Each structure stands twice: as C-alpha cells, then as structure tokens.
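Here are the chains, one letter per residue:
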Protein chains: 4
Amino acid sequence: MDEVSDLPSDLDPSYSASDPGAFDLDADRLREECGVFGIFGHPDAAAITALGLHALQHRGQEAAGIVTFEGTRFHSERRLGLVGDHFSSASTIERLPGSVAIGHVRYSTTGETILRNVQPLFAELSSGGFAVAHNGNLTNGLTLRRDLVREGAIYQSTSDTEVILHLVARSRKPRLVQRFIEALGTIEGAYALVAISNKKLIGARDPLGIRPLVIGQLDGHYILASETCALDIIGARFVRDVENGEVVIISEKGIESLRPFPQRPMRPCIFEYIYFARPDSIVQGRSVYAVRKAMGAELARESMVDADVVVPVPDSGVPAALGFAQQSGIPFELGIIRNHYVGRTFIQPTQTVRELGVRLKHSVNRSVVEGKRIVLLDDSIVRGTTSVKIVQMMRDAGAREVHFRISSPPISYPDYYGIDTPEREKLLAATHSLEEMRAYIGSDSLAFLSVDGIYRAMGENGRDPLRPQFTDHCFTGDYPTALTDVMGEAKNQLSLLAEAS
Amino acid sequence: MDEVSDLPSDLDPSYSASDPGAFDLDADRLREECGVFGIFGHPDAAAITALGLHALQHRGQEAAGIVTFEGTRFHSERRLGLVGDHFSSASTIERLPGSVAIGHVRYSTTGETILRNVQPLFAELSSGGFAVAHNGNLTNGLTLRRDLVREGAIYQSTSDTEVILHLVARSRKPRLVQRFIEALGTIEGAYALVAISNKKLIGARDPLGIRPLVIGQLDGHYILASETCALDIIGARFVRDVENGEVVIISEKGIESLRPFPQRPMRPCIFEYIYFARPDSIVQGRSVYAVRKAMGAELARESMVDADVVVPVPDSGVPAALGFAQQSGIPFELGIIRNHYVGRTFIQPTQTVRELGVRLKHSVNRSVVEGKRIVLLDDSIVRGTTSVKIVQMMRDAGAREVHFRISSPPISYPDYYGIDTPEREKLLAATHSLEEMRAYIGSDSLAFLSVDGIYRAMGENGRDPLRPQFTDHCFTGDYPTALTDVMGEAKNQLSLLAEAS
Amino acid sequence: MDEVSDLPSDLDPSYSASDPGAFDLDADRLREECGVFGIFGHPDAAAITALGLHALQHRGQEAAGIVTFEGTRFHSERRLGLVGDHFSSASTIERLPGSVAIGHVRYSTTGETILRNVQPLFAELSSGGFAVAHNGNLTNGLTLRRDLVREGAIYQSTSDTEVILHLVARSRKPRLVQRFIEALGTIEGAYALVAISNKKLIGARDPLGIRPLVIGQLDGHYILASETCALDIIGARFVRDVENGEVVIISEKGIESLRPFPQRPMRPCIFEYIYFARPDSIVQGRSVYAVRKAMGAELARESMVDADVVVPVPDSGVPAALGFAQQSGIPFELGIIRNHYVGRTFIQPTQTVRELGVRLKHSVNRSVVEGKRIVLLDDSIVRGTTSVKIVQMMRDAGAREVHFRISSPPISYPDYYGIDTPEREKLLAATHSLEEMRAYIGSDSLAFLSVDGIYRAMGENGRDPLRPQFTDHCFTGDYPTALTDVMGEAKNQLSLLAEAS
Amino acid sequence: MDEVSDLPSDLDPSYSASDPGAFDLDADRLREECGVFGIFGHPDAAAITALGLHALQHRGQEAAGIVTFEGTRFHSERRLGLVGDHFSSASTIERLPGSVAIGHVRYSTTGETILRNVQPLFAELSSGGFAVAHNGNLTNGLTLRRDLVREGAIYQSTSDTEVILHLVARSRKPRLVQRFIEALGTIEGAYALVAISNKKLIGARDPLGIRPLVIGQLDGHYILASETCALDIIGARFVRDVENGEVVIISEKGIESLRPFPQRPMRPCIFEYIYFARPDSIVQGRSVYAVRKAMGAELARESMVDADVVVPVPDSGVPAALGFAQQSGIPFELGIIRNHYVGRTFIQPTQTVRELGVRLKHSVNRSVVEGKRIVLLDDSIVRGTTSVKIVQMMRDAGAREVHFRISSPPISYPDYYGIDTPEREKLLAATHSLEEMRAYIGSDSLAFLSVDGIYRAMGENGRDPLRPQFTDHCFTGDYPTALTDVMGEAKNQLSLLAEAS
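These numbers come from a predicted model, not from an experiment.

1. With respect to the overall build of chain A
Tallying secondary structure elements over chain A gives 19 helices and 24 strands in all. Sorting the 501 residues of chain A into buried and exposed places 59% on the buried side. Within chain A, contacts between residues at least 6 apart in sequence are counted, and of these 72% link residues at least 24 apart.

Now the structure itself:
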C-alpha cells in the first residue's frame, strides 16, 4: 500500500526534526508497509482479527483497522496507533459484530498519517458493500488514479488501494468476483489483498508472489494472513501459502481457487527473511529464525575474524549473531541492552537530551565490551546513520576492536513494492565503496554477506541469474515488474487536499 | 443537508435513553440543520470564517468544518463539536492558510454523528479541487444516490450533499461553473449552497429561496452567509440577499450573477422567523426580533386573557412575550430562570436525577409565579412533551392560573427541507384537537396564533392561498416542491456501513 | 475560601494575556468564591449533592468536589471544571457511596488552579476522618498558617480552609465538635462552613453572618446549602437560615443548635443581593429577583432620564432593567443578544479575532438600538473596562444617546471576605470622580444608585450609620472585622511550591 | 516505599480481574518498588533527572515525579505513567527550572494508584521547603503514622515516606540536617533516600545498606542514583556507592559524609542481582550481567541434564541461560519470542482473548522447540502461575522434554523492605515440596540453584550463617531488622479516604 506523496521530503518539516537514528537503533531499518488478516464464518471474527493483527504489528505500527459484516451491515473501526491500544476492549469488539472480518495494520510513514487513509477501505457498490485491505504497492497506481479522476471518480483517500475499489465499482461485469478479477488485471506491482463482500472472503496475491499471504484454519473456519505467526497466536492450523497469481474465494461453500492470469514463476521478496517477517514465522516453507541463523553462519564462513565476543545489534541482529557465534566458536554475549520502557519516547526536550541520542533506547553492557575485540552483527545497513553511533558506543565503552558484520548484501537500489526505502542517493551502499563505508562507520573492519551467500542461506546453490528465485532488486537492481508511475508523468502528482484528521 | 438515516428510530438505543424534554425546555423545538459561510480574497479568510460560523452556531451544534484554498492546495479541518471549541486556536487557523474559505455548521441529529459526514465536502476533480457546503435538504437525494452508485460512484459519506459533488464530477461540460449548474438542474428540494474551486467562490439558492443566503462585504471582499448576524460579528456590510434561483460567482473579477433556471416566485421558509434565525438577524428585509414581537402582539389581539404576569419560556419565547406584554399591558416578568452552567449535562446518573428532569436547566422564580395568573408564552409546540413539564413547573410553584399562548400556528405536517421534524404521528397538533391539546398540556387555556395572524405579523394582509408568500407546509400541508424520495422506493434505503468515527 | 497568592499579579503570565473584558461582558464583574452543600442520612446523598452544587454553580465554576461517608470509609471526588461535566455520570456517583455528603464549588481565580486546592478538604484525625468545605475568607488565615508551620504542620494546599483542619487536628479537646468550635474561636473573617465526621454533618456561619447558609429538609433529611435555589432543584423544603455565629450539628438524633460565641448583630453581605445570589433564591427572607427589580425602580426614581428604550446588560442587569422600565414607563427591550454557544471560547487565535472582542459572546440587536435614546442598565462597575466596550457597541449600532445607569453604588474599596476584587487602585470609582467615570466610559450620562437608595430597595429606611444592617465596605470602606493578615507581616508570604497539577 | 494498604487483597476488585500470569510471563516476578535520582548544581538538572529516571524505569512503571529548586521556589511535576510519556517534552522540563533536582519512579501496585502518593513528597517547613524521595520500606511506618496522627499531624498521602516528612517537620533541632538525622534515628527498615532543601542535596542509606544508592559526577556536579545505569545514560562518572548507614550532604561546598549511627556490617538485598537491577549496572562492585551468567553456570554445575537446547524465559532469564549454555555446552536458542508492540495491552475484551492468555506478549519459536529436549531457564518462581503456562507452551509446540531450571533458590518468605511479594501462603515454595512444585508446573524435571550456590555465584565461598553477607530472608526467613508493624497492632489499619485521583 502506497500513497500519493503529499510533500516532497525536503519540505516536510517533521523530516529534519526527526534525525533518523538519533534515538533508535531501529531508525535505520527498512520498513514494511502493511499486514493483512481475514477470517470467514467465525462467531468471534472481530476479536480473532484483532489478535491476528496484534501478531502482525511488526509489519505496521501507524494505524490499524477492522471491517466486519454481520448479515445486513458492515461495521468499521479504523484508528491511528497500535492494535493493542484500540482494539483490545470489549466495547470496541462489540461495535464490530458479524462472523466475517478483515483487518489491516499500517506502517508509520512521515507523510499523511490521517484517518481516511487507514485501511480496510470500504465502498457501497450497487451489488452491496465491499471492503479491501492491501499489503504491497501498485507501480501504476498514480497513472490509474489520474485516469479514473478524469472519468468522474471521487477519491476519499490518497492510498493506492482505493484505485482497486474504483476499478471494481466501475467494472461492467455482472458478478463481484469477476469485477474484482478485472481490476486485478489492470493493476501492476506487488499485492497481497484480502477483501470481503456480503457473501465472501477473497484473497489474492500478485503474479510473482512478492508479498506473502497464507491460508489457515481455526475450528473449521478459513483464515488469510500475511504471516504464520498470526495463525499461531490464535491457535489456528497452517494450511498452505496462497500461490503467486492465485485468487482464493472463501464462502459458505468452502474455499475455491482461481488462476485467472497466465502462470509465472514465484519470486518472493527476500527482505521478508532478512528483516520483515517475525522470526517465529514460516515463510514459503522456511523458518525465518533458522534462515537468519544460517545467514549469520554463512557470513562467519565468508568473513571470519579473530575476536573475543559476538555482540548482536538488538533485536533483529540476534539470530544471525547466534548463527555466527555457533559457526565461529566465538562466544555470543549481550553487549547492548534494550530499554523496554520507552513510552512515547523523548521528544528532544532539550539539547542535553538530543546529544545523548541513542542511549535512551539502548545502553552498552560495559562489562561485556570493555577491553574486548568485538564482532558487531547487524542485519542490514540503509543510510548508515545508526551504524556510526553504535560503533561509537562500543568504542566509548572501551572495545579494543570493532568488526562490523552485516548478514545481508549491500542495499544499493530503492524498492517500489511496499518497502519504505529512502531515495537512492541516501543509500550508503549506492554511493560508497566498501572501504568508504567502513571509514564512514568507523569500524576496524566491515563485511557484508554476498548475494550468492544469502541464496545459500536460503537453501539454494546460489542466485540463478536467468531466473532469480527471489525479488532482490535492492541488492541487484533487477526489478521484476514494470515501473509505470516511476517512468511516467504521474510521478509528481500531489493530493490537492491537506487535512489534519 | 440530510442524511441517509442509519437506524429506524425504534432501533436507535440512544433515542429512548434521551427522553425528549427530560432535561431541556429546548428539547421539543424544531431543529435547523445547517448554516453556511464563505469569503473570497481576504488574508484572514479562515479566522473570519470561524467567526462567521460562531455567529451561526444556533443553526447547528453537532459539528463544524472549514475548507480553505491557498493557491496550490486546499486545506480542511472538520470537527465534531462547537466552533469555539475547535476553531478558536491559532494553531488550527494556521492549518487553514489561504484567502478563500467556506465553512459549515451542522445540527446534531440522533443518527450518524461521524466525521466523514461533516461538511464542507471535498473532491479532487480533473479540473482541480472543489469543496461544497449545504444548508437545506434534497427531496430527490436518495434517488440520485442510488442511480450514481449503479454507475460506479463511491460515496464517502451518507450526506445528500455528496450527491452534488458526484453530479459535478461526472458532468461532461467543459467548465466547472457549467458542471455545477448542470448538477443544480438535476437536484430538487431546498438548498443554500456555498462552494469553492481553485478560482472562485460560488453561492446558490434553490428556485423558491426556501433556505436563506445573504451577500456581504468586508474591506472590499465578498462574503456569503446564511444570516446577517454572521456579517455583524465581523463588522461586514450587508449587500443584499441572494435571490431565489440565483447563482453568484465571486472571483478576482468581482461578483457575477447567473439565472440559469426559469424564474419562480420567492417563498422563504416562515420558520426562520419563528424560531431558527437569530433575533438580531435581518431576513429578507425583516428584523427577526421585530417580527417575533409582532407575533406576540398579534397573539395578544387574537387571544387576550385576564392575567397578572406574562412569563416567557426562555430564551426563544422572550421577544413574543415582550410583544404580548406591551400590547396587553400585562407586566412582563422572568418567571423561569435558565442555568447557564450546564456543562456536558447530567447523563441521568441516577433515578433521583432523572425524576428532577427539566430543573437542571431551568428553575422557577417562585416570587414571580406564586399566587399569580400567568400568561405563559412559547413560540411553538412540536410533540408537547416539554409543554407538559413547564405548565407543571408553574403549578408546583403556586401559579393560580396558567394560560398557555403559542406565537405560531399548530404544527401538523413534517418538513423535508432541512428542518428536523418528528414523524407526523408524533406531532401533537396532527393528532389532537385544540381542547385535547390543552387537556394534555394541563393548562387552564391554550391558544395558537392563526395562520393569517402570522402573515399579518410578517406585514402581509394575510396568506394568499393562490400564491402563498412563504413556505408554510408545517401548518398547512402545502409542500412547495416534488417529494421524490418520500414517494419513491429510495425511502428506506440504509447505509451499509456503520462506523464509529 | 482564599489562597496564599502564588504570584504577584504583575508576574502572572496569564494575566496580561486575558485582557479583562476582551471577550466577555461578565469579565468586569466581581466573583464570589464558593458555594457549599451538605446532606445527612439520604440514600442518594452524592447524587443530591451533585444537583445542589449544580444549582450553586454560579458561585464558582473553577472546580467542584464531593466527599461522602458510608459507615467505614470516606470517599472523595474533586475535579477542575463544571459540576455537570464531572459529577453527572452514574459511574462517578457510584464511586461516592454513603448517606452523608458535603460538596463545594469554587470560583476560577487566575492563581493556582490545581487539584490539591479543590475542596472539600479531608484529614484523618485520631478520632476518624473529617472533611470540610468553606465559602468565605479568613482575615487571619496567613498568620495562623505561619504559626502552625512553625509547630510542624505540613500543608497540602494553599487554601486557607486547611488552617481550620489543622486547628481541629491539633486541638486537645476530647470531642470532635469541641475541637471544631475551638478552631472557630481562633479564626477571623467570613465563613459559611459545612463539615462531616463519621457521625455528624456540621454547619457554621461566622459571627456576622457575612456569607449565607440555609437549612432545608428533603424526605425528613436535613440539608445545608449556600442558597435556597439548591433546595428548589431537588424539591427540598426551606427550613430557615443558619443564624450568624450559629453552629448546627446534624446527626441521627436530629438537629442541634449551638451558640458558642457572644451574640452580635447580623450583617450579611449586600453583594449577594446585587450580583452573587441567583435571582430565584430567597436570601435572609428577601427574594433576590424582587430586590433587584426594586433597585432598578429606586434608580429610576433617583436618576430618571428622557429616553426611548431601557436596555439591560445581559444577564445580570435584566431584573433591575425591568424595575427601571416599569417604574419609568420607558419600554424594556433586548438590545444586546447573548450567544449561548460559546464553547471553550476563542483563545485569541489571531489579531483579527482579538479586535472583535466582546462580539463573540454578545451582539447588538440593531433594530432596537438604531436611532434611539438608550437607558443602558448594569448592576455594577468594577474596573470599567467592559463598560467602555458596551457603550461603544451601542454607539456603533447607531444609538442616538446612551444613558448609563448602575443599580448599585460606586465600588471604591476591595473585599477580604471571599469576593475576588482587584486591588484598590484598579477600582474605577476609587480613583475617578463621577464625571471622570462618565468621560472614561463614554456615555452621555452616568448615574449610580445611592447607598441609602440601595438600603431602601432592601426595605430599610436607609443605612443606619451606627449599626449598619449589611456588610457594605466595598461602597463605604466600613470593614466589619479585624484585617489581621492585611495589616501584618504575613501579607506577602508566597507558597514555596509550584506544581502543575 | 510502602503504603497503607487500602483494601485487603481479597476485597480488591481489580485483583481477580487481572489473573496474574494471564497475559504476561513477567506477571509472576517480584516487583521492586522504586528508584531514586538526584543532582546538585547542574543547569539542566530537570532534564538530566528525567533521563536518569528513564534509565531506572525498570524499578517502577506506575508513576514518576521530579522536584526542582531554582533559588526561590520549588517546582514539582508528578504523573502516573512512564517517564518517557510525561517528562520528555520541552514544556514539562521548562516547568521544572533550577539547578537542583530529585526524582522518583514508582512501581504499579494493585492498590491506590493515585497522584497524591506519587513522590517526591514536599513540605513547607518553617526553615523553607523540603522534598524527599524514597526507595525501600519502613517496618515501623504504620506505627509511627498512628502516633503522629494522635499528635495532630495531617497526612496527604498513604505513603510511608510521608512519615519521614512529618518527623522532620516536628523535630525541634535547629538545623535541617539535624532534623533529618533525628528522623532517620526513629525509622526502621530499608531505605535509600534522596532529599533537597533550599541549600542541599541529601542522600541516605539504611544501616544495613539493603537498598542500593550510588554517587556519580557529571561535569563536576554530584549525582545520587539507585543504579549505575542511571549514570551511564547521561555519561556521568561513577564515584562510589553510598555506604550503609551513611548520610551524604551535597552543597555548594562539595560533598560531606556523616555517620550518625553505630556502624553495622553491610548486607545488601540479593534480589537486586537476581532480578531487579538492570544487567548493565554495577551493584556494590559486581556486574549484574556477569553475576547472572555465573548463577546460570553454577546451576549447570549443580543440576546438569542431558538436553538439546537451552531456552531462556525472556527477558530476565537470558543471562543465566547464556551462562548455563556456556557451562554445559548445550546450544542457547531463542525459543520464545517477545512481542514488542504491546501497547496498553488487551483488556480481556472477550473470552476468546482471555483463553489465549500469555501468547499476546510472547510466542513460541516452534522451529527451535519442536521435537527437542529443552532446558527452560528462568530466574525465579513466585506463585508459579506463569511457569505452568510457559511449560505448557513448550509442550504445545512439540517439546519432547522440558527441564525447568531456576537460577535462584526457592522463595519461601515474604519481603518487607520494598519488594512487592504476595502473602506467604501464595508463595509456591512455601507450601510445596520440590516434587510437588514440579508436578504443579508440569515439567519433566525441576531444579533451583542452592543458597550456597548463589553465594558462590556472588564470589563468596558460601553463605556465612553467623554473619550473612546479603539480605536473603526470602530464601532463608532470616529478616535482618525488627518488623514492628507486622508484629504490632498497626498491621490492619486502613486509610479512611478513598479517592479516584
């Protein structure tokens, strides 16, 4: 799910204010933009959807929404903030009656954090109500939006998901599923969609399967979710992944699978394994935790170093650090402690606080670091801003040597499929050589996992250059779909309305 | 502005809870549904619009909104609650830059009090942005909505005002004003509209001029407003009323008047004079305060009684009571005191409080009432529920006789032009004879002003039955336009979406 | 109830910001500082107290509190804001169980609006709990406070009411009532007190009866309240006024009256009649509404003028204006309309709004004023700031002549008994002659009611200079008690703690 | 810091509602009750104190407060909630001017979570203001309170810390430090205190040094803090621990150390090492992280088992699990994943959610657990309620064997020195044999670290039974001070006032 950008980032006053990396080691991570969940036929549909979204909260913390259908009317609750903050009370769940529900969590971008962009989006069609939630990003969304406005469509959000709603509303096909498939035939990019009408729960995944979507079952009722961890939290059984290019229709009659488009090879996004998916999820048959440990072990094989301790950058670097430590025989130690009580965070009340930066969320465990040669392990480098700070933290605590190891290849290209990446010129690896990166970060050595190395950690023999097994353009520049908006004129179209709420 | 009713009132849980009249002498009044304001070319457009809406607050207390345009983008703030609560801070006004603005206040119905229904409504058209605010009600709104949904339109609100937006968006005319006029040609009912595009401020009044709209000027900048009191608060000069069926276009080039439809005789709503308009407003050339006093004086001529004091039901009965007292020579006294500190009101915490009912907002001034023969003066009776209570209050305080006098005729028919009236069977005068009403209310005598009497108070010789000078169907059943939705199938169509916010 | 002033007004940042009179015709009134209520033995004690406080809301809008006792524990709710905002929900009332309750409303000063100053105040004594609520002001409160701190007392508030608590806590008398009376023997000034222990409801009035306190009865249960309007709202019967210097003890055994101090003549505060008390209250046997009308009539006798209309400054000037009109034969008209929807008020968002000032709350009814000779009637002048504005409003609306008439004598001396008056040099009448005042205000003529005139309106033959019947030092400088704090060193003692909440 | 318990836990309605362990693996931990911080002479005193409290947040999450002194007045901000939520904005810090500050964080008990109990507490003494913050608990607090009330003291809180304030206020000594020391001579129990007057910052630690307190220095300015992690966050230098029985006086003249009481051997609380202190703190010269690893290693030596993986209960079990894994050679794996986005947590909206219990905050990493023999490592067992759930989680995820290992001895006795422990009969180890505990918890085996083992992990040869090196009564029943309140009549005294806020 992407948005018509409202403000060029240079003009966004909040941008410079929130110096990326000032307070948070997580500030320089990539961000997934969404998670989706749906269930059909369960008496506690809304409560279960809230739990599923809670388990998917790592995919988006900006906002959450649930739409249910109870036989006559649809019911919607959409809120800025965490699922646990807004969907955990009995009164909210009671406002969402019905046995069919879909839900959505959304990542906090610096752009328009406004309620009308929170999903699921809803439309009253002549055939009845229709709600849709989307994880991914359309690469021709702006182009389609411009065309539809010319035909008289009125948009209620700046989300590209609404394009799908309008395409369905305007289709002349007689049945809703046909109208939905016609809309899918028009859009390009990455999508994992869940939708409900007054009869069905529908799931769909883009032709390459870039974004994930799984099928589960609880007490005989079908579920759709971005990750298996959303099934685990409710004790649901994993059935299978939705396949690339597949549309599944769940109704009173059971589940039906459609393949309306020409078959293409699967190419899931490799970043789900590196950072986005929860470590306890199983994505396309692989344990994310085990894959991350394998990336660390592969990195130890490629870039061993003589050192005293392996220290992970918490929390996402932990599994790879365990893999590195087990492969290398160097002890794993918690050299950085995360403060669990961050509240709404310190809003830079004074210069004093600003200068302390990252220490508010993390502190060095000096007894582990002092006088030691450290292998510092992280999963990726984006801009490099927090890497500088964490290396400095190690040195301030008396580390003798700091060897920085990254359990994925250098990120040199932006994403257009639902990952929030900065512009290319802000990606450290796009503009610096390895040695320049090391010098910028200030470590004694620096090594990334190789592209073939990450494919080996995935259980492959290496990257198949003719038919790459994963969507990996951030490392390789090999974009798997057309980029219509990026190439075309729609690129800079701004929304005409600014609204606070 | 009307809405697709969400819940049959029988099913509305809040309805029975808020016993009409339990706590408020105003609970049995008719409600106006909206007020509008617009200004073109003033550097403080948003602040002035907020003030104008504040002066129009009596026309709607549920919600308020302002949309401005600053040369590139439109800016919108829409809030539930009073103007003074949400549009009085510098930070809000700063979020509404630009020299063109329109605003809207909205009445609190028991139905969907939700943000997406708050006006002005906005759409991004291919020609640029367009925002509209509406006072009135379309009598074919539901019918048009159904037709537009069939053609693929997606609605963001349940307001009939959005119908106008979609008609404009879908028009194939080349210029915005042409598209707007085409939309006006399609709708039926009562409307006073203000709208802005990226070039113009537009005002329009329905062919009969049912709802009011005036033109003012401040420092050379044109203003549109529902009433002259919104001009007075900002020190603006009254220019003239917008005429019935007129469309005015205000732009950098000045003001332009269009008459796109066949000319019809003016027939403004008589209730503006009886209750809705503020007493200090001048409506179609008449001082509302003076008219109300004249209604009281006319009533004294028609239905004199021997008594000791004239007591108004505060606050709306005061001018008529002054007129009655001056005409009759009976002293005017404040026999009922209004408590100014009602806060958010007592939500019936206990049975104890419930039984005390109306006393929370009003109290009897026993020293005026005890042992006296009272002429109790009110402006209208709708259901009669509070009339019962107020007569009882007089008796409890020791009144010797209570003569109830109403400064308008009996209300026997519901409204469909933007006044919130109960269903016909709940109107006391629709189902009771005069004597039955008196017995129900419990007064010693009861008299209403006659229909010809109210026309005399307006300065006419009486009602012209062939060409009535005012819209007065609530008294006469003579509806001045077609009632397409009421007659047709669209009547009971409900919105499919329930949303809390 | 008074407070240790925290900030010299020159240093108070909120002071200059809220230009007195900028937005409110009421901004230049004197302010009463409190109202009290208590009930013994009623099953709905808290709900009834909430209603009583609601009826007394005009005596204090800053904060409200209720303490109840249910046989074992005391329960307290104290809130900033209106009674109806905080004490109207079933959940709040349920947190206040028990059949004995006292409550308090408090006026909003510019000083410390903080929760720990909200009454009733509570202390756990060795004999059990004790709660007290106070209307009035101690003239030796600061002196006593300083002495008690020297002995080791720790204060939780800056309220002088807490002095009474500490005096009771430290008394060596064996029984609570004895300890309370010992405390009363130590304090000087004006007080109407209600208090509860685990056995009794206690009421006390200062030796001169400066502040009012009445006894009522509801279903056999005794009530204490500042005014009779608090009895009327709950349908309670008025029994009698508490007498000056009387202590009443209400318990299971009924009511007991003590006279622990030497008898002195009654001398109630005359401002209760002029402005503070609600018009429907009966204070010491006199109808406040009738007295105010008599003041207006007396003023017409003293200072008649040839004019077209009598216009009251709403709302407190209305009864006197009716009296003036009836006496003079000049018609009474509503020349100024009050806007009922002021919300939290406009916080001066822009210069534009600031300049419009008072119009946000009141508007001129031009049809009444234009071309007329006006008698403008108000109840008092304090600083004169709003008088200037309202005369100007009349002139802007086209008044031909403006004759300003004040239904009380000039205020030349500050109060120290619970009325919030500015320092003497800010009182217009303390520093200007009558003609200077007229010139400052800008009216064509100006007249005040004479001191003897106001005594005549009260039913007296005039002021008895040897034994004045009322506390009237604001007009005469004749303070009826010692002013220990004002004369002594305690005058400028500040609280050492600043706390936001 | 302890409180007069308001409600016997059987009567506390919130108690049964929040089933301990229902949602949180941390629900069965012991709770520290407070952390303190103070700084003298620094221009950013409040901002630095806020940061110090943020680093001490693990010692108390209920509430936080800061009091500053700026030469004339004291300034106080006290709030319910996290430090980062309330003390992180520039506006709050600006309300706390001055170069001297103390602060406090407080643990969330089920009892009275009310603002008047939030520390630091303040009193205006005859010598000037005095504020105090307390970590610990007085064992004669209730007895002293009762005596002081008999003498006329009025309490503003139910905190035993206020006893100290009253003792200081009532002391007849001429100088404040003398009065403070006189108060310390009267109290019994555990305390680490920080206090400020208008001249000094004072720190004090009880005669046995039960609760920790350290001295630091930043840019030459002295600091007092509960733990060294509060020095690290601001880059301050660790100077030394305050010694047991020591009073330190920090003023313009530097630091002064007083030893007013007879010398006794140090006996710090061993639970600081097991659970309370942050792993990166150095407590009495020992790295908490290193001690915890040593406890795990010692446990591996005492209670080895043949297994496939060591899985910590996050987060507090992690260091001991690393020690166990390194000693035993069994791989350390993250078998339980913590959800970082818990928001305000799910308030049991439905039965559905209730039954899912602990999964909302933690999930099993099935790929690590399935088919494996697990050593499950936790730091302590209190009631055992969550231990049951976590063992069941392992079994549900397919664990072949679950060997539960606890890195401290069984807890058989309650604490009275500032740790929140349930009554003795609710402590699992107080009423069950080891085998009964294993059976209750459902693990295949269960072992605790021995008492001598934990002393070995601390670097001792074992516990010295004649002069135990640590306060360890929770394991041994050997209470190091008199327990006056527990033994005496004051035990069940309840506060007479219930107040919501």
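The rest of the description comes next.
2. Side note on the packing of helix α10 (residues 288–302) of chain D against helix α11 (residues 318–328) of chain D
Residue and element names in this part refer to chain D. Between α10 and α11, whose axes approach to 7 Å, the crossing angle comes to 45°. The pairing of α10 with α11 is recorded here as oblique in orientation. Once α10 is placed against α11, the crossing between them reads as right-handed. On α11, the residues that touch Tyr289, Arg292, Lys293, Ala294, Met295, Gly296, Ala297, Leu299, Ala300 and Arg301 of α10 are Pro319, Ala320, Ala321, Leu322, Gly323, Phe324, Gln326, Gln327 and Ser328. Class assignment of the residues belonging to the contact of α10 with α11 gives a composition of 11 nonpolar, five polar and three charged.

3. Some details on the nonpolar core
In this structure, A:Leu376, A:Met394, B:Leu376, B:Met394, C:Leu376, D:Leu376 and D:Met394 are the most contacted members of the largest nonpolar core, which totals 624 residues. Excluding residues that lie within four positions of it along the chain, A:Met394 makes contacts with A:Val364, A:Val369, A:Ile374, A:Leu376, A:Ala399 and A:Val402.

4. Digging into the pairing of strand β7 (residues 128–138) of chain C
Residue and element names in this part refer to chain C. For β7, the tally of buried residues reaches 10 of 11 residues, placing the bulk of the element in the interior. Bridge analysis of strand β6 (residues 121–125) against β7 gives five bridges, and the strand direction is antiparallel. Counted as the bridge partner of Glu124 is Gly129 from β7. Between β6 and β7, which follow one another and run antiparallel, lie two residues. Pairing geometry for β7 and strand β8 (residues 189–196), over eight bridges, is antiparallel. When the bridges of β8 are listed, Val132 appears paired with Ala195.

5. Some points on the UniProt feature "active site" (unreviewed entry) in chain A
All names here are of chain A. UniProt's feature table lists "active site" (unreviewed entry) at Cys34, given in the numbering used throughout. In this fold, Cys34 is placed in strand β2 (residues 34–40). Its 26 C-beta neighbours within 10 Å are what place Cys34 among the buried residues.

6. Observations regarding the sheet that holds strand β8 (residues 189–197) of chain A
Residues and elements named next belong to chain A. Taking strand neighbours across the sheet as the criterion, the six strands line up as β6-β7-β8-β9-β13-β14 in an open arrangement whose pairing is antiparallel. The open sheet has two edge strands with one neighbour each: β6 (121–125) and β14 (254–258). Averaged over all pairs of adjacent strands, the angle between strand axes in this sheet comes to 20°, irrespective of strand direction. Bridge count between strand β9 (residues 201–205) and strand β13 (residues 247–251): four bridges; the pairing is antiparallel. Bridge assignment links Gly203 to a residue of β13, and that residue is Val248.

7. As for the sheet that holds strand β3 (residues 63–69) of chain A
Pairing between the strands of a sheet comes from backbone hydrogen bonds, and it takes one of two forms, parallel or antiparallel. One open sheet accounts for eight strands, arranged β12(A)-β10(A)-β11(A)-β2(A)-β5(A)-β3(A)-β4(A)-β24(B); its pairing is mixed. Of all the strands in the sheet, the pair left with one neighbour each is β12 (237–241) of chain A together with β24 (497–499) of chain B. Here the average twist between neighbouring strands, direction ignored, is 20°. Alignment of strand β10 (residues 214–218) of chain A against β12(A), held across four bridges, turns out to be antiparallel.

8. Notes on the domain arrangement of chain A
Residue and element names in this part refer to chain A. Segmenting chain A into domains produces domain 1 (9–15 + 33–267) and domain 2 (284–476). Measuring from the centre of the C-alpha atoms in domain 1 to the corresponding centre in domain 2 gives 33 Å. Across the boundary between the two partners, domain 1 contributes 16 residues, which contact 11 residues of domain 2. Going through the elements one at a time, β7 (128–138) and β8 are the ones with two or more residues in the side of domain 1 that touches domain 2. Looking at the side of domain 1 that touches domain 2 element by element, the count peaks at three residues for β7. Considered class by class, the residues forming the side of domain 1 that touches domain 2 number six nonpolar, six polar and four charged.

9. Observations regarding the environment of D:Val391
Residues and elements named next belong to chain D. Along the chain, Val391 falls in helix α14 (residues 385–396). Residue classification places Val391 among the buried positions, given that 22 C-beta atoms sit within 10 Å. As for Val391 and Ala169, which are separated by 222 residues in sequence, their C-alpha atoms are 53 Å apart. Contacts of Val391, omitting those with residues within four sequence positions, involve Leu376, Val402, Phe404, Ile441, Gly442 and Ser443.

Conventions we followed
Residues numbered from 1 in each chain as written. Chains lettered and ligands numbered in written order. Predicted model: local features only at pLDDT ≥ 70, side-chain atom pairs only at ≥ 80, totals over all residues. Helix = DSSP H or I, 4+ residues; strand = E, 2+ residues; numbered from the N terminus. Buried ≥ 20, exposed ≤ 12 C-beta atoms within 10 Å, placed from the backbone. Contact = placed C-beta atoms within 7 Å. Axes fitted to C-alpha atoms, helices over the stretch in contact; angles between N-to-C directions. Parallel < 35°, antiparallel > 145°, perpendicular 65-115°, else oblique. Left-handed = near helix turned anticlockwise from the far one by under 90°. Nonpolar A, V, L, I, M, F, W, Y, C, P; charged D, E, K, R; others polar. Core = buried A, V, L, I, M, F, W, Y, C linked by C-beta atoms within 7 Å. Pairing = 2+ DSSP bridges. UniProt positions renumbered as here; feature names shortened; annotations may be inferred. Domains from an automatic or database assignment.

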